[in-house]
Amino acid sequence: MKAWRIGWEDGYRRGWSYGYHLGKCEAIVRQSMEVKGRYWDVKVLFVPAQGAPYASLDQGIGRELEGLVQQLRIADNHQDAVVLAAEFRPDLVIVLDALGQTFPAHKADELRAMGIRTAVWLPDDPYHSDVTVGIAPHYDYVFTLEMSCVSLYRELGCKQVYYLPFAVNPNYIRPIYTETAYETDVCFIGSAFWNRVALFDEIAEYLAGKKVKIVGYWWERLKHYSLLKDKIDGIWLSPEETLKHYNRAKIVINLHRSSEDPSHNSNSRNLPARSVNPRMFEISACGTLQLSDVREGLPDLYTPEYEMATFSSPDELVNKIEYYLHHEDERREMAWRGLQKTMREHTFRNRLSELLSIVFD
């Protein structure tokens, strides 16, 4: 057979397969988004974190609140949220707090003195608990993505403390058509914390033979950096670019950071990290197979080895990557189930509905 014919047939097969996958994903998303939730006749002011690492959370929460409450205002970095609240008189101010840098805790006191209810949603627990212990007591309601921090804040005197994981907004994080330039066997996006460096050094020789993309800061720390340097981009990615990489990867690795890393954490109480990170939802929302290390709270959100896959050692990670790269049907079936679970249960509409129910019901 002529070379052009072989290439044409291979291209046709791959294009058809990718189109079928996207069509299946789109059907799952549309079916899930048909379900309408409750509407609250209240006024809400949302104060975003406004830092690059929190961009997808700011975006997702703000957009989803629009369809849940009667009136919404979103403070930007040029506005004093206290002044805005005095004019708007919201029933609730929700602050996505990034270590008190955008919205100092004393401003929450000013809001409460005005008779305005306040809620903080903490995105960095437990890694910076030395800082958040000075933030949480200033709010009426405290929401944390880390279950191990609930008792900590209650011990500080906070009366309304709740475990509330993050999620995705399907208007932004979802399966999309992505150019073949983003296509990889394996993708990892995140900073090179030391536990991640240790794992990737263990599997560097294996990854060197695969089509891999690693994006994030500090990866020059790898002992085997020379093996992977052509696969590494030492940059920060926008949510839009991250979405493209997740969508075109066959497998995305999710390796949580360690709560016991003193060089990057301020967690002198050594609170354990038991809950999953926001990336878990974002990866699964792209209809891509996720391979994650194990967290205690994971089975409450996804069914391991059914809606996503897990690993407990470098060897197990390599074995599962190899298996799923060679079993495309199984890989996609698991990814579709993960997508369906995410769109059904792990959206910001669901999370914010829970938050609003706690405050107003």
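Residues numbered from 1 in each chain as written. Predicted model: local features only at pLDDT ≥ 70, side-chain atom pairs only at ≥ 80, totals over all residues. Heavy atoms only, no water.

Points about the overall build of the protein
A count of helices and strands for the protein gives 13 helices and 12 strands. The C-alpha radius of gyration computed for the protein amounts to 22 Å, which stays within 12% of the reference 21 Å derived for 361 residues, consistent with globular compactness. Oriented by its inertia axes, the alpha-carbon framework of the protein measures out at about 80 × 45 × 35 Å. Here the contacts in the protein between residues at least 6 apart in sequence split such that 71% fall between residues at least 24 apart. Taken as a whole, the protein presents about 16200 Å² of accessible surface, with 49% of it coming from carbon and sulfur. Averaging the positions of the 42 positive and the 50 negative side-chain charges in the protein gives two centres separated by 4 Å. (Helix = DSSP H or I, 4+ residues; strand = E, 2+ residues; numbered from the N terminus. Rg over C-alpha atoms; globule rule 2.2 N^0.38 Å. Contact = heavy atoms within 4.5 Å. Areas by Shrake-Rupley, 256 points an atom, 1.4 Å probe, with all protein chains shown as cover. Lys, Arg positive; Asp, Glu negative; His and termini not counted. Charge placed at Lys NZ, Arg CZ, Asp CG, Glu CD.)

Points about the packing of helix α7 (residues 194–207) against helix α11 (residues 314–325)
One can describe the packing of α7 onto α11 by two numbers: an axis separation of 9 Å at closest approach and a directional angle of 40°. Relative to α11, α7 is oriented oblique. Seen along the crossing, α7 lies across α11 with a hand that is right-handed. Residues Leu199, Glu202, Ile203 and Tyr206 of α7 touch α11, and the partners they reach there are Pro314, Leu317, Val318, Ile321, Glu322 and Leu325. Of the residues contributing to the contact of α7 with α11, the split by class is eight nonpolar, no polar and two charged. (Axes fitted to C-alpha atoms, helices over the stretch in contact; angles between N-to-C directions. Parallel < 35°, antiparallel > 145°, perpendicular 65-115°, else oblique. Left-handed = near helix turned anticlockwise from the far one by under 90°. Nonpolar A, V, L, I, M, F, W, Y, C, P; charged D, E, K, R; others polar.)

Observations regarding unusual backbone geometry
With an omega of -5°, the peptide bond between Asp125 and Pro126 qualifies as cis. Following the sequence through the fold, Pro126 ends up in the loop between β4 (117–122) and α5 (129–132). The phi dihedral of Gln50 is positive, around 65°, even though this residue is not glycine. Residue Gln50 is classed as partly exposed on the basis of its relative accessible area of 32%. At Glu305, a residue that is not glycine, the phi angle is positive and equals roughly 70°. Along the chain, Glu305 falls in the loop between β11 (289–293) and β12 (309–311). Overall, the relative accessible area of 35% leaves Glu305 in the partly exposed class. (Buried < 20%, exposed > 50% of the residue type's maximum accessible area, 1.4 Å probe, protein only.)

Considering the pairing of strand β7 (residues 184–189)
By the criterion of burial, β7 is predominantly enclosed, with six of the six residues buried. With four bridges connecting them, β7 and strand β8 (residues 212–215) associate as parallel partners. Bridging across to β8, Phe188 finds its partner in Ile214. The β-α-β motif built from β7, the intervening α7 and the parallel element β8 has right-handed crossover chirality. (Pairing = 2+ DSSP bridges. Right-handed = clockwise from strand over helix to strand, strands pointing away.)

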